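# Report on the structure
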Amino acid sequence: MSLEHLPPSPSVPEEKKPEVPEVPEVPEVPEVPEVPEVPEVLVEKKRGGIQEFSLDAIRNRDFFLSSENQGFFHKMSEGGKKLAAQLYAGLDRITGVKRIVGKMGIAYNQSLVDHHRKKAVGFKSEMDGLNLEVKAFDRSIIEIQSLVESFKQEGVPDVESLALKLKDIEQQKKYLLYQKDKTQSQIEKRVNKMKLFTNERDRVADRLIDHYNEKLEPMEKELENLQKYKDQTDLLVVVTEAKHNEQIARLGGIEKQKRQCVEALRGIGMSEKEIKKFEGVKALDEFLAQGRKKLKKEKQNLNLTKKKAEINQKIAKVDAKANPYRDKREEFTRVKEGRPKEMDMETRQRGQEFEGEETISSHIRGQQSESSYTTGEETVEKREGRERLKTSSFVSGWNTYLQEKNGKNKVPLNGMLDKKDFLTVTRLLGDEKLNFKDLKKILIGYYNFKKMLTKELKENIGNFLLERIKV
Amino acid sequence: MTTHQNNTNNQSTQAINSQLADLLNEAKKVDQEIDETNKEASVEMTDLEVKIGESIKNVEQIYSDLDQIEKDSGDKLDKLVLQQAEDLASE
């Protein structure tokens with residue numbers, strides 16, 4: 001046997017896989033959550049055709065960076081600045097409140113992670129190649145060792161050169177292993193860099209989302225309180241106005257009776273001069289004038305309607321400010337989870353900026369306007385304002401109406417009034433005679449405050465009053 | 001005027017006077033109720049205004065906290081992104 005029997009130089013076999021023991025596994029490139037390729041906030045800008053960036057853009061528009069980060073930016077290499085400018089392109093055009101979402105989108109920009117991933121994948125391929133080479137060398141070494149042994153036994157000369165060849169192959173293998181170690185270190189370094197970045201980024205994002213969740217709960221609670229106070233204010237205004245109306249009506253009733261007394265005094269032959277000086281008439285005239293004057297003055301002093309409008313305005317303003325925070329929490333989670341933005345979302349209606357006085361309108365589509373109802377010759381609205389009823393009778397009548405409407409149905413009707421609670425909440429005594437129009441407003445205000453007001457209840461209140469007026 | 005007529009007039013005057021006195025009492029009652037209504041409304045409105053003021057203050061504080069958290073987080077994210085950009089560019 002000659003040296004011709006030597007195995008060919010180790011080369012990477014194309015199909016046949018080496019059977020030598022497995023070398024340490026190259027760490028797998030960790031899975032990175034799928035996120036939109038470009039932050040959604042930037043996509044819009046791309047559509048606007050401003051994707052082309054210039055270094056000046058970020059140099060001149062770095063106002064969104066803190067002074068510390070600006071300092072870092074100015075110390076960066078030109079290449080780093082260019083890349084940063086590319087990443088931040090369009091951020092300055094995002095409105096202030098949404099800028100944080102844009103920044104999060106940039107941090108979750110897939111290209112940052114992809115760069116690491118590509119590098120890691122490149123090293124991994126290199127590593128796979130080295131593994132195959134090492135395995136091929138291992139196979140050759142085993143074969144040569146076996147040949148050396150058999151040549152020695154057979155006494156074949158020149159075995160030493162074969163042994164030298166073996167040594168050379170072992171040296172080459174050592175070099176490959178060194179290369180492999182080096183590549184493995186590069187993969188690990190790359191993976192660690194990627195992990196460090198994604199972990200830190202996730203930590204910042206999670207902390208932000210956690211804080212948001214932590215703060216939004218008390219915020220919603222306070223906004224609920226404000227809504228409750230608003231309803232309470234509405235009810236207070238309605239009840240106070242109803243009481244004022246009742247007091248005006250009572251003063252009017254007294255005036256009417258006084259005029260009858262004056263007429264009777266004329267009847268018994270008293271002159272106008274004598275009537276004016278008549279003690280009872282004089283005292284009553286003074287009191288009625290005083291009462292009306294006081295009522296007018298107090299109404300002006302209280303100025304409930306103005307105060308109510310101011311309160312509504314304040315609450316609407318603070319409530320409207322809550323919407324961007326609610327939306328941002330959703331967007332943070334969406335960017336973090338890489339969910340696509342849901343398009344054509346219906347705009348949230350709650351907390352729209354207050355624009356003037358709110359009006360209570362119970363007009364229902366397809367239903368005749370309340371003011372156009374007539375009973376006989378008088379409109380319902382006029383009769384609602386004129387006819388008066390004791391509050392306690394109104395409550396009982398309303399409950400009876402609801403019961404009758406419910407018929408034999410044993411299920412308690414939604415809207416049945418607890419008289420005690422109703423009188424406590426409205427601060428009414430029960431014996432005051434209020435006009436139907438005010439009673440209706442109070443009832444609607446009460447249900448609103450109790451969060452019980454429904455379209456059906458509103459309709460029922462209207463129908464109940466209509467029936468009462470017809471009676 | 002006869003004595004009988006005088007007596008009748010006196011009785012009528014007394015009756016009217018009594019009716020006017022009742023009306024005066026009723027007017028006084030209304031006057032008192034006006035005072036009570038206004039006092040109650042004023043107290044309740046003041047109470048509500050205080051509560052509303054406190055709630056608005058609390059909500060504004062939450063907004064301010066959230067703004068601060070956003071700013072801190074935004075700065076941290078910027079730092080990370082800039083570091084990454086520099087890191088990637090230097091390779």
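Residues numbered from 1 in each chain as written. Chains lettered and ligands numbered in written order. Predicted model: local features only at pLDDT ≥ 70, side-chain atom pairs only at ≥ 80, totals over all residues. Heavy atoms only, no water.

### So, the overall build of chain B
The cut-off we apply is this: What counts as a helix is a DSSP run of H or I of at least four residues, what counts as a strand is a run of E of at least two, and both are numbered from the N terminus. Throughout this description, buried means an accessible area under 20% of the type-specific maximum (1.4 Å probe, protein chains only), exposed means over 50%, and partly exposed covers the range between. Accessible surface area values rest on a Shrake-Rupley calculation with a 1.4 Å probe, where residue burial reflects the displayed protein chains alone.
Along chain B, the regular secondary structure elements total one helix and zero strands. Within chain B, buried positions represent 40% of all 91 residues. For chain B, the accessible surface area stands at approximately 4900 Å², while carbon and sulfur atoms represent 46% of it.

### So, the packing of aromatic side chains
Residues and elements named next belong to chain A. Put simply, the rule reads: Centres within 6.5 Å are what make two rings of Phe, Tyr or Trp a pair, Trp counting through its six-membered ring; a difference in plane orientation under 30 degrees is then read as stacked, over 60 as edge-to-face, and the rest as tilted. Criterion for a charge above a ring: Arg CZ or Lys NZ at most 6 Å from the ring centre, at most 35 degrees from the ring normal.
Inspection of the entire model under this criterion finds 11 aromatic pairs over all chains. Taking the centre distance of 6.3 Å and the plane angle of 40 degrees together, the rings of tyrosine 212 and tyrosine 325 count as tilted. On the criterion of sequence distance, the pair formed by tyrosine 212 in helix α7 (residues 159-267) and tyrosine 325 in helix α10 (residues 304-337) is long-range, its members being 113 residues apart. One Lys or Arg, lysine 81, reaches over the ring of phenylalanine 73 and ends 5.8 Å from the middle of that ring. The residue whose ring lies beneath arginine 201 is tyrosine 108, and the NZ or CZ to ring-centre distance is 3.8 Å.

### Overview of the interface of chain A and chain B
Filter applied, for reference: Whether two residues touch is decided by their heavy atoms; if any such pair falls within 4.5 Å, the residues are in contact. Accessible surface is computed with a 1.4 Å probe, and the buried area is the amount of it that two parts give up when combined, taken over both parts together. Each salt bridge in this description consists of a side-chain nitrogen of Lys or Arg and a carboxyl oxygen of Asp or Glu lying within 4 Å of one another. Throughout this description, a polar contact denotes any pair of N or O atoms lying within 3.5 Å of each other; where both atoms belong to protein, one of them has to be capable of donating a hydrogen while the other can accept it, and for residues adjacent in sequence the pair is counted only when both atoms sit in side chains.
At the junction of the two partners, chain A supplies 85 residues and chain B supplies 60 residues. Interface area for chain A against chain B, summed over the two sides, is near 6900 Å², with a carbon-plus-sulfur share of 69%. It is A:Arg250, A:Ile268 and A:Phe287 in chain A that bury the most area against chain B; as a group they hold 9% of the surface buried on that side. At the surface where chain A touches chain B, the tally comes to 12 salt bridges. Inspection of the chain A/chain B interface yields 23 residue pairs in polar contact (both at pLDDT 80 or more).

### Let's talk about the nonpolar core
Buried together is how nonpolar side chains tend to be arranged in soluble globular proteins. Spelled out, the test is: By nonpolar core is meant a set of buried Ala, Val, Leu, Ile, Met, Phe, Trp, Tyr and Cys residues that side-chain atoms within 4.5 Å join together.
Core analysis: the biggest nonpolar cluster contains 56 residues, and A:Tyr88, A:Met104, A:Met219, A:Leu223, A:Leu226, A:Phe332 and B:Tyr63 have the highest contact counts within it. Broken down by element, the residue count for this core peaks at 16 residues, all from helix α1 (residues 3-89) of chain B. Each residue touching A:Leu226, except ones within four places of it in the same chain, is listed here: A:Ile315, A:Val318, B:Ile52, B:Ser55, B:Ile56 and B:Val59. With 27 residues, the next largest nonpolar core counts A:Val238, A:Val395, A:Tyr401 and A:Ile442 among its residues.

### Section: helix α14 (residues 436-449) of chain A
Residues and elements named next belong to chain A. The test is simple: Helix span, expected: 1.5 Å multiplied by one less than the number of residues in the helix.
Between the first and last C-alpha of α14 there are 20 Å, a value that for 14 residues agrees with the 20 Å anticipated at 1.5 Å per step. With 11 of 14 residues buried, α14 is to be regarded as a mostly interior element. Burial in α14 covers these residues: Phe436, Asp438, Leu439, Lys440, Ile442, Leu443, Ile444, Gly445, Tyr446, Tyr447 and Phe449. The residue sitting at the N-terminus of α14 and contributing the capping side-chain oxygen is asparagine 435; that oxygen lies 3.1 Å from the backbone nitrogen of lysine 437. At the exit of α14 stands lysine 451, carrying a positive phi of roughly 60 degrees.

### A short note on helix α9 (residues 279-302) of chain A
All names here are of chain A. With 24 residues, α9 ought to run about 34 Å at 1.5 Å a step, and its terminal C-alpha atoms sit 34 Å apart, in line with that. Turning to α9, its buried residues number three or more, namely Gly280, Val281, Ala283, Leu284, Phe287, Leu288, Gly291, Lys294, Leu295 and Leu302. Asparagine 303 sits one or two positions beyond α9 and adopts a positive phi of about 45 degrees.

### Observations regarding the packing of α7(A) against α10(A)
Residues and elements named next belong to chain A. Here is the rule: The convention used is that axes are lines fitted to C-alpha atoms, helices contributing only their stretch in contact, and that angles between N-to-C directions extend from 0 to 180 degrees. Small angles under 35 degrees read as roughly parallel and large ones over 145 as roughly antiparallel, with 65 to 115 read as roughly perpendicular and the rest as oblique. Two helices crossing with the near one rotated counterclockwise from the far one by less than a right angle form a left-handed crossing, whereas a clockwise rotation gives a right-handed crossing.
Look at α7 against α10: their axes get within 9 Å of each other, and the N-to-C directions meet at 160 degrees. In this view, α7 runs roughly antiparallel relative to α10, as classed from their interaxial angle. You can see that α7 and α10 cross each other, and the crossing is left-handed.

### Quick look at the packing of α7(A) against α14(A)
Residues and elements named next belong to chain A. Quick note on the threshold: Think of it as three bins: nonpolar holds Ala, Val, Leu, Ile, Met, Phe, Trp, Tyr, Cys and Pro, charged holds Asp, Glu, Lys and Arg, and polar takes everything else, Gly as well.
Running from N to C, α7 and α14 cross one another at 165 degrees; their axes reach a closest spacing of 9 Å. It follows from the interaxial angle that α7 and α14 lie roughly antiparallel. Considering only the axes of α7 and α14, their crossing is left-handed. Residues Lys228, Asp231, Gln232, Leu235, Val238, Val239, Glu241, Ala242 and Asn245 of α7 form the contact with α14, whose participating residues are Asp438, Lys441, Ile442, Gly445, Tyr446, Asn448 and Phe449. Looking at the contact of α7 with α14 residue by residue, the class counts come to seven nonpolar, four polar and five charged.

### A word on the side chain of B:Ser55
Among the secondary structure elements, B:Ser55 is positioned in helix α1. Ignoring any residue separated from it by four or fewer positions in sequence, one finds B:Ser55 in contact with A:Glu222, A:Asn225, A:Leu226 and A:Tyr229.

### Topic: the side chain of A:Lys258
Inspection of the secondary structure puts A:Lys258 in helix α7. Accessibility expressed as a relative area gives 8% for A:Lys258, which makes it buried. A polar side-chain atom of A:Lys258 sits 2.5 Å from a polar atom in the side chain of A:Asp285. Ignoring sequence-local partners within four residues, the contact set of A:Lys258 consists of A:Leu284, A:Asp285, A:Leu288, B:Leu20 and B:Leu23.

### Some points on the confidence of the model for chain A
Residue and element names in this part refer to chain A. Spelled out, the test is: Scored from 0 to 100, pLDDT records how confident the predictor is in each individual residue.
Of all residues in chain A, 73% have pLDDT values of 70 or greater, and the mean over the chain is 76. Counting interchain partners and residues more than four positions distant, the pLDDT-below-50 stretch residues 1-54 has 99 contacts. pLDDT under 50 marks residues 339-377. Its contacts with residues more than four places away, or in other chains, come to 51 contacts.

### Here's the deal with the pattern of salt bridges
A full pass over the atoms with the stated rule returns 35 salt bridges over all chains. The salt bridge partner of A:Lys103 is B:Asp78, with a shortest N-O separation of 2.7 Å. One end of the pair, A:Lys103, is in helix α5 (residues 99-107); the other, B:Asp78, is in helix α1, on a second chain. By relative accessible area, A:Lys103 is classed as buried at 8%. For B:Asp78, a relative accessible area of 0% corresponds to the buried category.

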